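# Chain and residue survey
This is what each chain is made of:
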Amino acid sequence: PISTCAESQNMKILLIRPKPPSSTVGLKHIMVCEPLELEYMAATVNHLAEVILIDLILEKRELEYFVKLHKPDVVGFTGYITHVNRIKSYSDQIKSLNPKCRVVVGGVHAEVLPDDFKHPNIDFVISQNSMSTFPALINQLKQDSQVQEVPTGADSTAIELPQLLPDRSISEKYRSRYYYVFHNPCALIKTSYGCPYSCNFCFCIQITDEQYLARSIDDVVEEIKDISEPEIYIVDDNFLVDRQRVLEFCDKLEAQNINKRFLIYGRADFITENPEVIKRFRSCGLRAVIVGLESFEQSELDQYSKKSDIEKSERAVQILHENDVDCYGTFILSPDWGKTEFENLYSWIRKLGIIFVNLQPLTPLPGTPIFEQYESQLIVDRNEFELWDLAHLVLQPTKLSQANYYWNIIKLYVGVMMSGKAVWSLFSRYGVWPTLKLSRGVYFVLFQYLGKVVSSFFMQKTSRTDLRKES
């Protein structure tokens, strides 16, 4: 029989990263990054229990196999909005196999909208300060398996900087398979929490209640020294906040002869105002910057509270190109766009010479400032979580049918990323095999979008037929 938490001297914890739902259009075809949040959780409890990581994105076997194999006392999940229903389904499976196993859910969505995880077979939802709350919960469960509530601290609204480094040993068997586009193999590191800006579409600032805290550069560099991967993805919401901090980072990388290549998030206005910082960082390993360019229209940047302008966007891309740093441009596609706006965006992207783009239909995520503004216009149910992936249309286009809107997204992706000039540039820069691998991933995404074109077309046709019958 499976022992209870109170009986077990050697509690066993499974930390699970869910597999994305099949209906979710995502970047899983062009990137699979290490589950850093679960590695942090492992570090907080590995002195209390045996901790095993299961990455279901990479595993061929299903969850049931691992629950039967390891017979855990506790199963912990992390996930985004698209994983909510899947995690609920997983919790049902676990309880059917072992009713005494306790199911814990955390992660960014749980921190902002914990009520979305209310479910009979989810025992605990950690909504704040997981680095201290999770080990406190495990301690309580070791003493009393009947604990019903998550322990809370005296100051539960203040974010905490981690006091421990992530336990990367638990992901050892997967590490060679973690990558991001051409950054392969790739490790993750987080050097700050929150963002000092307030774009109204952004979910990130909701996670930390608009607070911003940064780790010391000495602490960050010590962590990097223990990372074996040559490529490091700094997953701060915005690494380019403080020019002196970035320069200190470069100085200490150079002083300790650390030779890594970095992918970061950064704002266009910082790049434009600090070209010498980009040049310095490039000499210390900066390889690519994900830049939220968002739109080619100033009125839309103002609408999103971006507090930047088109001229700075254009200059930022130019500075990155001058320093041989890749620009990964992200764009928000307005539901008010027609064919002309898509064509104008395509022309602007080609003018800037960007090859890597992420196109996101405007998605007012629950919990963000713009959700209430658009709530009455939603065409996707609030609880169809797997469709809130920043790729599906959740707002009705005003100038195009849904099928036509998706078709314009496909044309834009193909025109930018699959043109002969783009492919030749990638072949010459990264080699044949990495480029073919990326192309394969892009085609998977495009096929998912093509499926949306077909299903939207027939849905529209059926709706028109029904209307004629009613008439």
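Reference entry: report on the structure contained in this document. Keep in mind it's a predicted model, so treat the numbers as computed, not measured.

A separate point is the overall build of the protein. Scanning the protein from N- to C-terminus turns up 17 helices and 15 strands. At 23 Å, the protein has a C-alpha radius of gyration in line with the 23 Å of a compact globule built from 471 residues. When the backbone C-alpha atoms are referred to their principal axes, the protein occupies close to 75 × 65 × 45 Å. Summarising the internal contacts of the protein: among those between residues at least 6 apart in sequence, 77% fall at separations of at least 24. Summed over all atoms, the accessible surface of the protein reaches about 21000 Å², with 51% contributed by carbon and sulfur. Of the charged side chains in the protein, 51 are positive and 60 negative; the average position of the first set lies 7 Å away from that of the second.

A contiguous nonpolar surface patch, about 730 Å² in accessible area, is contributed by Trp407, Tyr443, Phe447, Leu450, Val454, Phe457 and Phe458. Considering every element that reaches the nonpolar patch, the biggest residue donor is helix α17 (residues 432–470), with six residues. Note that Phe458 resides in helix α17.

Glancing now at the side chain of Arg215. Examined against the element boundaries, Arg215 turns out to sit in the loop between β10 (212–214) and α7 (217–225). A distance of 3.1 Å separates a polar atom in the side chain of Arg215 from a polar atom in the side chain of Asp219. At 2.8 Å, the side chain of Arg215 forms a polar contact with the side chain of Glu223. The residues touching Arg215, leaving out its near neighbours within four places in the chain, are Tyr40, Leu161, Pro162, Leu165, Ile189, Lys190, Thr191, Val220, Glu223 and Arg245.

Taken as a whole and assessed by the stated rule, the structure comprises 32 salt bridges. Salt-bridge contacts for Arg215 lead to Asp219; the nearest nitrogen and oxygen are separated by 3.1 Å. A relative accessible area of 4% places Arg215 in the buried class. Between Lys399 and Glu341 there is a salt bridge whose closest N-O contact spans 3.5 Å. Of this pair, Lys399 sits in the loop between α14 (371–374) and α15 (402–417) while Glu341 is found in helix α13 (residues 339–352), placing the two residues 58 residues apart along the sequence. The exposure class of Lys399 is exposed, given its relative accessible area of 52%. A single salt-bridge network, built from bridges that share partners, covers Glu34, Glu39, Arg168, Arg175, Arg215, Asp219, Glu223 and Glu229.

A separate point is unusual backbone geometry. Geometrically, the link from Asn184 to Pro185 is a cis peptide bond, its omega value of -5° lying close to zero. Counting through the fold element by element, Pro185 comes out in the loop between β7 (179–180) and β8 (186–189). Located in the positive-phi region is Glu294, a residue other than glycine, with phi close to 65°. Residue classification places Glu294 among the buried positions, given a relative accessible area of 6%.

A separate point is the pairing of strand β11 (residues 231–234). Of the two faces of β11, both are covered, the one formed by Glu231 and Tyr233 as well as the one formed by Ile232 and Ile234. The sheet contact formed by β8 and β11 spans four bridges and is parallel. Paired with Cys186 across the two strands is Glu231, which belongs to β11. When β11 meets strand β12 (residues 261–266), the two strands line up parallel, connected through three bridges. Bridge pairing links Tyr233 to Leu263 in β12. At this point the chain moves from β11, through helix α8 (residues 243–255), to the parallel β12, and the crossover so formed is right-handed.

At their nearest, the axes of helix α12 (residues 310–322) and α13 sit 10 Å apart, and the two run at 40° to each other. Along the contact surface, α12 presents Ile310, Ser313, Glu314, Val317 and His321, while α13 presents Trp348, Lys351 and Leu352. Among the residues forming the contact of α12 with α13, the class breakdown is four nonpolar, two polar and two charged.

With that settled, consider the sheet that holds strand β4 (residues 74–78). Taking strand neighbours across the sheet as the criterion, the five strands line up as β3-β1-β4-β5-β6 in an open arrangement whose pairing is parallel. Where the open sheet ends on each side, the last strands, each with one partner, are β3 (50–55) and β6 (124–125). In the sheet, β4 pairs with strand β5 (residues 102–106) via five bridges, with the strands oriented parallel. Residue pairing across strands places Phe77 opposite Val105, the latter belonging to β5. Each of β1 (12–17), β3 and β4 is contacted by helix α2 (residues 63–70), which is oriented at about 170° to β1, the strand it contacts most.

Formed by 159 residues in total, the largest nonpolar core has its most connected members in Leu15, Phe77 and Phe249. Ranked by residue count, the leading element in this core is α15, at nine residues. Each residue touching Leu15, except ones within four places of it in the same chain, is listed here: Leu38, Met41, Ala42, Val51, Ile52, Leu53, Ile54, Gly76, Phe134 and Ile170.

What follows concerns the packing of aromatic side chains. Under the counting rule described, the total for this entry stands at 20 aromatic pairs. With centroids separated by 5.9 Å and ring planes inclined at 45°, the aromatic side chains of Phe239 and Phe281 adopt a geometry described as tilted. Taken together, the residues span a long stretch of sequence, with Phe239 in the loop between β11 and α8 and Phe281 in helix α10 (residues 275–283) at a distance of 42 residues. With a relative accessible area of 3%, Phe239 lands in the buried category. A connected cluster of aromatic rings, assembled from ring pairs, spans Tyr180, Phe182, Tyr233, Tyr265, Tyr328, Phe356 and Tyr430. The ring centre of Tyr65 lies 4.3 Å from the NZ or CZ of Arg61, which sits over that ring. Just above the ring of Tyr197 sits the side chain of Arg267; from NZ or CZ to the centre is 3.8 Å.

Definitions and cut-offs
- Residues numbered from 1 in each chain as written.
- Predicted model: local features only at pLDDT ≥ 70, side-chain atom pairs only at ≥ 80, totals over all residues.
- Heavy atoms only, no water.
- Helix = DSSP H or I, 4+ residues; strand = E, 2+ residues; numbered from the N terminus.
- Rg over C-alpha atoms; globule rule 2.2 N^0.38 Å.
- Contact = heavy atoms within 4.5 Å.
- Areas by Shrake-Rupley, 256 points an atom, 1.4 Å probe, with all protein chains shown as cover.
- Lys, Arg positive; Asp, Glu negative; His and termini not counted.
- Charge placed at Lys NZ, Arg CZ, Asp CG, Glu CD.
- Patch = residues over 30% accessible without salt bridge, like charges linked within 9 Å, V, L, I, M, F, W, Y side chains within 5 Å.
- Salt bridge = Lys/Arg side-chain N within 4 Å of Asp/Glu carboxyl O.
- Polar contact = N/O pair within 3.5 Å; in protein donor to acceptor, adjacent residues only side chain to side chain.
- Buried < 20%, exposed > 50% of the residue type's maximum accessible area, 1.4 Å probe, protein only.
- Pairing = 2+ DSSP bridges.
- Right-handed = clockwise from strand over helix to strand, strands pointing away.
- Axes fitted to C-alpha atoms, helices over the stretch in contact; angles between N-to-C directions.
- Nonpolar A, V, L, I, M, F, W, Y, C, P; charged D, E, K, R; others polar.
- Core = buried A, V, L, I, M, F, W, Y, C linked by side-chain atoms within 4.5 Å.
- Phe/Tyr/Trp six-rings, centres within 6.5 Å; stacked < 30°, edge-to-face > 60°.
- Lys NZ or Arg CZ within 6 Å of the ring centre and 35° of its normal.

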